[in-house]
Structures are given as C-alpha cells and as structure tokens.
Amino acid sequence: MKIAVIGCTHAGTSAIVNIAKCYPEAEITVYEKNDNISFLSCGIALYVGGMVSDAQGLFYSSPEQLAELGVTTKMRHEVTKIETDAKKLRARNLETGEELEDTFDKLVMTTGSWPIVPKFEGIELDNILLSKNFNHSNTIIEKSKQAKNIVVVGAGYIGVELVEAFQLNGKNVTLIDAEPRILSKYLDAEYTDQIEASLRSRNIELALREKVTKFTGENGKVSKVVTDRGEYSADLVILCIGFRPNTGLLRGQVDMLDNGAIIVDEYMRTSKSDVYAAGDSCAVFYNPTQTHAYIPLATNAVRMGTLVARNLMTPTVKYMGTQGTSGIKIYEDHIAATGMTEASAKEAGIDAEAVTVNDHYRPEFMPTHETVMLKVVYEKSTRRILGAQMMSKVDLTQSVNTLSVCIQNGMKMEELAFVDFFFQPHYNKPWNFLNSAGLGALPEVPQSAHETGRV
C-alpha cells in the first residue's frame, strides 16, 4: 500500500507517526516544501520573547525520526499537481528544480494554512514580516534587535502574544485591528476590556477600529503604517491578520467550504474516495452549532491526524467534533475559552443567555484566594451549554477543559449545577465555581397546583 502525505506540521506528523505504527508494511512518502517539520508555531512568541531560548524544543519530530519508522521524507519538495481520480501527483525539488511523478493508493492532505496577506500599497517594503513558521520566527528575532517601533497588525492570539513579547523586550509597540476589541473571536467585552487596560498600562498603543490602508517607507524599508484614521511609526511590522487553508491542489476535486477549507466526515474522509485530510487545511465539526467551521488550532490538528491513521483502511474511530477550546497567558492573567461567546451566539441567531460568576476560587480563610471571573453561555430554550470564558491571576484554566467536555456531551446548565466536584480548601470551595455558574441559571421552582389555582 502506497500512502502519500502532503505537508508535515501538526496534523501531518501525527498522521505519519500513527500510520507507520498501524501499518508497518505500508510505503509512506511525505512531501514537505519547508526545510523542517513539526514546528510548534504557537511557541513563536515565547521564542521571540526569550522565554524559550533553545528553539529545538519547539520541534517534536524530524526526518531522521520518521526514517526510523520506515518513512521516506522528501524535504524541500513542493507538490504542484494532484490527480485524485488517477491517483497521481507531481512534485518539484525546490533546491534542484527537478520534477518527479508519484502514485498513491491513499492520499493524506495535511497542507495546513498560510497567513492572510492583503494587497496593501507598500507591502513589498522590507521589514514587513509574517509569523507562521520557524524561519519567520528567526527573522523576527533578528530584525527586532535593531527595531525601536514595532507595529503588530491583527489582535488575535498570535498578535497579542507578540505585542507582549516585544514590550517585555523594551520596544515601543502598537497593535492595530479593524475590530472594536482585541481577541473578539474568543472573549466577550467584560474580558477584553480588562486585557486592553492591562496592555495600555504598559504603554502599548491600541489602534482599534482602524483598517490598514498602506505602508510607506524610506530607502526600501517600512517607516510608517497608515490606517483610515491615523499613521504609526514602524521600524518593523508583523502581519497577524488571520489564516486561510492551503487547499488549492484539491480545488474542484473535493468538497470545500467557501474559504477553501476541505470538508471531511467523522472519519477524516473527504468527498473523494481514498483521499483524507486533517488539520488547518480542513473544516471541523463545531459542536456548539452542529455545523462545519474553520477553526485552525494545533489541538484539532493532532487529533485529526491521529484519526486519519485509525480510519485509513476501515472506519474505526469517529471524530467527536470540537469546541475550539483555547487558552492564553497575558502578563499575570490566565485566560481560557471554549465554544461560543455571548456575542458570537447572538450573531449566529441563537437566543442565548449567560451567567457570570465573580468569586474567590477557594475559601477566604486560606492565605491567598484570588478571584476568578467565569462566564458560561447557554441557549435559552434548551438550556444547553454553548460556551465559557474564564480569567484569573492564578492558573485555573483546566476548568475550561471541563466545560469543553460539558458542551461536547450536550449538558444543560442545571446539570452543571450539580456535577460532582471534590472539595478541598487548598483548591476550591464546597460549591465549585463551575457549580455556581450552573446554580445561577437554575429555572424558577414551579408553584404547587393549589397555589396556581389548579386542583
């Protein structure tokens, strides 16, 4: 059995390692256009900020390790054409220019995503960078050494983490986003208001509700970012606007969302027989809405890659869907979220309500008892939990993983109220704050038949 795998980051590495273990007799060939594999791009800000000093710790596999499993890895090879019906592909060696053809019995598409780069005027100027792979991170570190004014465009997780890293390194930092709030896809306003205040208190300039229109420069290097509302000095610009799936090779051959994300079933099968896909190139089944959505996360990728291997020959293990669960640490704040925010639920046309708990996470008689702010969003008619967000100065983020399971299992608020959690003063209160959120949404107790006039 010949298996071709296109792309080798999170999903690809997971698929390859598990396929090799499940089918040791298979002939596995990996095509990767970069000069490295399995880079944890979520660690770029930690690397840039100096918290991670040895970049090798951000890799969890190598061509040599895959070779030990019997896998042939063709590095710096870009696949240029795939014929799914004929089960053929064409690839080009990026170092020699040589072209080759190959055949496959099974194809695994793990081509990931690529940053969105709008065609701004001046985009060709030097020192306008992306933040996606290992080479990007090295370039950012090198160029930031000489930079004084750094502008980050895009206030998602990556943008905010880079802003923190640059500020800690003593740079003047500006964060630009067209949205009215930072992290608006993940958190409601009561959270982002506090985070924005934290950033501003450290002299980070937030240029929100502003759209970049162009870049201007001197001597071929960027010097200013121009928006529809102002201008910002910049020796270095990092674009973190978002990602789109790398799926052009299969366009017109498999079913996709409008943005090009490949649609897979619960066994990671595409609409074309013997073609599988996983990771950031795919749409995922989003449990809160029960629809396919594009949610590029490393956690989704490694799960989907592993499932490809398990289901490659026979449908065996179903994908359980995702809640898009994520977390971030910004200065001293530990933040996590799962599922829908109240704002996103309402944008989706769902009649949603929310309960917010502000409480000490453990008894006040303990030496420390930091406050946790937890918000749980639920559907009003069914009382089904849709999402949750939490923030605290102490790390309580694992509680959001618990709520992710609740959403995945279709739990209701009254069930959350009475879930069995342990109590120990070192860790929590007799009523865990998760229970408290459920209690806060309990329906009113119905009156007796006599009191309502019924007999």
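Everything discussed here concerns the structure shown above.
All values reported here derive from a predicted model rather than from experimental measurement. (Residues numbered from 1 in each chain as written. Predicted model: local features only at pLDDT ≥ 70, side-chain atom pairs only at ≥ 80, totals over all residues. Heavy atoms only, no water.)

A. Looking closely at the overall build of the protein. The secondary structure content of the protein amounts to 11 helices and 25 strands. For a compact globule of 455 residues, the expected C-alpha radius of gyration is about 23 Å, and the protein comes in at 24 Å, within 12% of that figure. A principal-axis box enclosing the C-alpha atoms of the protein has dimensions of 85 × 60 × 40 Å. Split into buried and exposed, the 455 residues of the protein put 51% on the buried side. Pairs at least 24 apart in sequence give 62% of the contacts found in the protein among residues at least 6 apart. Summing over all exposed atoms, the protein offers an accessible surface of approximately 21100 Å²; the carbon and sulfur share of this is 48%. (Helix = DSSP H or I, 4+ residues; strand = E, 2+ residues; numbered from the N terminus. Rg over C-alpha atoms; globule rule 2.2 N^0.38 Å. Buried < 20%, exposed > 50% of the residue type's maximum accessible area, 1.4 Å probe, protein only. Contact = heavy atoms within 4.5 Å. Areas by Shrake-Rupley, 256 points an atom, 1.4 Å probe, with all protein chains shown as cover.)

B. Structural context of the sheet that holds strand β11 (residues 172-177). Strand order across the open sheet formed by five strands is β9-β16-β10-β11-β12, with parallel pairing between neighbours. Both outer strands of the open sheet, β9 (128-130) and β12 (205-208), are each paired with one neighbouring strand and no more. For this sheet, the mean angle separating the axes of adjacent strands, direction not counted, is 20°. With five bridges joining them, strand β10 (residues 149-153) and β11 adopt parallel strand pairing. Each bridged residue has a counterpart across the sheet, and for V151 the counterpart in β11 is T174. Relative to β9, helix α4 (residues 134-144) is tilted by about 145°, and along the sheet it contacts β9, β10 and β16 (236-239). Sheet contacts for helix α5 (residues 157-168): β10, β11 and β16; angle to β11, the most-contacted strand, approximately 165°. (Pairing = 2+ DSSP bridges. Axes fitted to C-alpha atoms, helices over the stretch in contact; angles between N-to-C directions.)

C. Region of interest: the sheet that holds strand β7 (residues 106-109). The strand order across the open sheet formed by five strands is β3-β2-β1-β7-β18, and the pairing between neighbours is parallel. The outermost strands of the open sheet, each flanked by one partner alone, are β3 (72-75) and β18 (275-277). Averaged over all pairs of adjacent strands, the angle between their axes in this sheet comes to 20°, without regard to strand direction.

D. Quick peek at unusual backbone geometry. Even without being glycine, K87 reaches a positive phi, approximately 55°. Locating K87 in the fold gives a position in the loop between β4 (77-83) and β5 (88-93). In this structure, D274 is a non-glycine residue whose phi angle is positive, near 70°. Mapping D274 onto the fold places it in the loop between β17 (243-245) and β18.

E. Inspection of the side chain of R181 at higher detail. Tracing the sequence through the fold places R181 in the loop between β11 and α6 (189-200). D188 is the oppositely charged side chain nearest to the buried, salt-bridge-free R181, at an N-O distance of 4.8 Å. At 2.8 Å, the side chain of R181 forms a polar contact with the backbone oxygen of L187. A distance of 3.0 Å separates polar atoms of two side chains, one belonging to R181 and the other to T192. When residues no more than four places from it in sequence are discounted, the contact partners of R181 are L187, D188, A189, T192, E196 and L208. (Lys, Arg positive; Asp, Glu negative; His and termini not counted. Salt bridge = Lys/Arg side-chain N within 4 Å of Asp/Glu carboxyl O. Polar contact = N/O pair within 3.5 Å; in protein donor to acceptor, adjacent residues only side chain to side chain.)

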